[in-house]
Amino acid sequence: MQKIKKIGIVGVGLIGGSIGLALRKKYPEVEIIGIGRNEARLKLAKKKGCIDVYTTDLKEGVHDVDILIISTPVELTAKFIKDSLPFVKNKCIITDVASVKREIIYAIYNDVVKYKAQKNINFIGSHPIAGSEKAGFEYANENLFKNSVCVVCYDKKLSSFNSLNIVKRMWGSIGAKVVQLTAEEHDKILASTSHTLHLISYALVKLINKKKDYLKFTGGAYRDMTRIASSNPKLWFNICRMNRDFIEKELNDFRKIIEKLQTCLKDIKKLKKFLISAYELTIKSKK
């Protein structure tokens, strides 16, 4: 990436650590600075190769970076963006990795506009759609973003078009397929493809665990359908809280599908058609 000498990552966990590993491999000449609150874990993240240097001082960590990536839990993303703004240098590009965009952009909007006028800083919202139910830099993988999709949300009042292109190239360089959406489009789509699915997985665990004697009869279907319910509940509470209006609409649509399926159980021809149709959609989506 032209003229990029230092990249800061606030929050060196699974995503932040994977970004660091991927960028260090792709751009060995660029210094990757890890910024966090736990020095012992930052030291271990450096040993793993996720970052080159680290600090627990936000001001020290962000003051000279060309790109700042906020990779904190979603409920802290806006806070760390706003806390960083007074200390980043002129023309710094800030992005994030949060899986909710509207509420974060709304929370930081006026602050970013203010500092853009003062220091020509730029903010582009990002969401690399990659990860795992596991957390922590210990599970970081330099190939995590290969063939994944990364959504970027651009607002001309928050960023220059040139900075948008730099962020796009950064994600593309570590293997992601970059798609540009508005924040509202992003949140509406992710409510359907991710957030509601997690809630359904949690709901299935609650449903089946009501019948304790049934658990010894569970197999692959139970494991596959409930795997993501082992994800951090605090993380998913905040994601769902911040995107609850779109999730509610998806749950209403899901309820309609369940009602249709209940009707199909009374008509074997409709049931067969329903299952074949879903099967064909699954096969088609994998091609």
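These notes cover the structure that comes with them. Each residue is numbered by its place in its chain's sequence as written, counting from 1. For a predicted model such as this one, the threshold for reporting local features is a pLDDT of at least 70, and the threshold for listing and counting side-chain atom pairs is 80 or more; totals across whole chains, interfaces and linings nevertheless cover every residue. For side-chain calculations, the full set of non-hydrogen atoms in the structure is used, while hydrogens and water are omitted.

Here we look at the overall build of the chain
No. 1: Every helix listed is a DSSP run of H or I at least four residues long, and every strand listed is a run of E at least two residues long, numbered separately from the N terminus. Looking only at helices and strands, the chain has 11 helices and eight strands in total.
No. 2: Computation of the radius of gyration draws on C-alpha atoms, with the globule rule given as 2.2 Å multiplied by the number of residues to the power 0.38. Over its C-alpha trace the chain gives a radius of gyration of 21 Å, about what one expects of a compact globule, namely 19 Å for 287 residues.
No. 3: When the backbone C-alpha atoms are referred to their principal axes, the chain occupies close to 65 × 40 × 35 Å.
No. 4: Any two residues whose heavy atoms approach within 4.5 Å are treated as being in contact. Once local pairs closer than 6 in sequence are excluded, the contacts in the chain between residues at least 24 apart make up 75%.
No. 5: To measure how exposed things are, a 1.4 Å probe is used in the Shrake-Rupley method; for residues, cover is taken only from the protein chains shown. When the accessible surface of the chain is split by element, carbon and sulfur atoms take 55% of a total near 16,300 Å².
No. 6: In the chain, 52 positive and 29 negative side-chain charges are present, and the distance between their average locations comes to 4 Å. The convention is simple: Lys and Arg are positive, Asp and Glu are negative, and His and the chain ends are not counted. By convention, the charge on Lys lies at NZ, on Arg at CZ, on Asp at CG and on Glu at CD.

Re the environment of Q262
No. 1: Here Q262 shows up in helix 10 (residues 244–264).
No. 2: Through-space distance from the C-alpha of Q262 to that of F80 is 47 Å; in sequence the pair is 182 residues apart.

Comments concerning the layout of surface pockets
No. 1: Both site types are read off a 1 Å grid over the protein atoms alone. A 1.4 Å probe that fits but cannot get out defines a cavity, while an open set with protein on both sides within 12 Å along at least five of seven lines defines a pocket; lining residues have an atom within 4 Å of a point. Grid points are joined across faces, edges and corners, and a volume is the space filled by probe spheres set on the points. Computed from the structure, the second largest pocket encloses a volume of approximately 320 Å³.
No. 2: Lining the second largest pocket are 17 residues, and of these K3, I4, I93, N162 and I166 sit closest to its centre.
No. 3: A total of four residues in the lining of the second largest pocket trace back to one element, the largest contributor, which is helix 6 (residues 161–173).
No. 4: Polar here means any residue outside two lists: the nonpolar Ala, Val, Leu, Ile, Met, Phe, Trp, Tyr, Cys and Pro, and the charged Asp, Glu, Lys and Arg; Gly therefore counts as polar. For the lining of the second largest pocket, the class distribution of residues is five nonpolar, seven polar and five charged.

Some remarks on the packing of aromatic side chains
No. 1: Between rings of Phe, Tyr and Trp, where Trp is taken as its six-membered ring, a pair exists when centres lie within 6.5 Å; planes separated by under 30 degrees are stacked, by over 60 edge-to-face, and by other angles tilted. Scanning the entire structure with this criterion turns up two aromatic pairs.
No. 2: Look at F145 and W171: their rings are 6.0 Å apart centre to centre, the planes differ by 65 degrees, and that puts the pair in the edge-to-face class. In this pair, F145 is assigned in the loop between strand 6 (122–129) and strand 7 (149–153) and W171 in helix 6, connecting sequence segments 26 residues apart.
No. 3: A residue is classified by how much of its surface remains accessible, and W171, at 0% relative accessible area, is buried.
No. 4: Over the face of the ring belonging to F80 we find K79, whose NZ or CZ atom lies 5.1 Å from the ring centre. Throughout, exposure labels follow a simple rule: accessible area from a 1.4 Å probe, protein chains only, divided by the maximum for the residue type, with under 20% read as buried, over 50% as exposed, and the rest as partly exposed. Only Lys NZ and Arg CZ are tested; either one counts as a charge over a ring when it is within 6 Å of the ring centre and within 35 degrees of the ring normal.

Points about a nonpolar patch on the surface
No. 1: On the surface, a cluster of nonpolar side chains totalling about 190 Å² of accessible area is made up of I129, V149 and V179.
No. 2: With respect to the helices and strands, the residue V149 is situated in strand 7. Patch membership needs two things, relative accessible area over 30% and no salt bridge, and members are linked within 9 Å if like-charged or within 5 Å if nonpolar (Val, Leu, Ile, Met, Phe, Trp, Tyr). One side-chain nitrogen of Lys or Arg within 4 Å of one carboxyl oxygen of Asp or Glu is enough to make a salt bridge.

A short note on helix 9 (residues 233–242)
No. 1: The complete set of buried residues in helix 9 reads W236, N238, I239, C240 and M242.
No. 2: Close packing links the buried residues of helix 9 with helix 4 (74–84), helix 5 (102–119), helix 7 (183–209) and helix 10.
No. 3: Taking the backbone nitrogen of K234 as reference, a side-chain oxygen 2.9 Å away marks N232 as the first, capping residue of helix 9. Polar contacts here mean pairs of N or O atoms no more than 3.5 Å apart (in protein, one a potential hydrogen donor and the other a potential acceptor; neighbouring residues in sequence count only if both atoms are side-chain atoms).

With respect to the pairing of strand 4 (residues 67–70)
No. 1: Of the two faces of strand 4, both are covered, the one formed by I67 and I69 as well as the one formed by L68 and I70.
No. 2: Direction of pairing for strand 1 (residues 6–10) relative to strand 4: parallel, over a ladder of four bridges. Its bridge partner lying in strand 4, G8 is registered against L68.
No. 3: DSSP-based pairing: two strands are paired if at least 2 bridges between them are found. Here strand 4 runs beside strand 5 (residues 93–96); their pairing, made up of four bridges, is parallel. Each residue of the ladder has a partner; that of I70, found in strand 5, is D96.
No. 4: The path from the first strand over the helix to the second decides the hand: if it runs clockwise while the strands point away from the viewer, the crossover is right-handed. With respect to chirality, the unit in which strand 4 leads through helix 4 into the neighbouring parallel strand 5 is right-handed.

These figures come from the coordinates and say nothing about function on their own.
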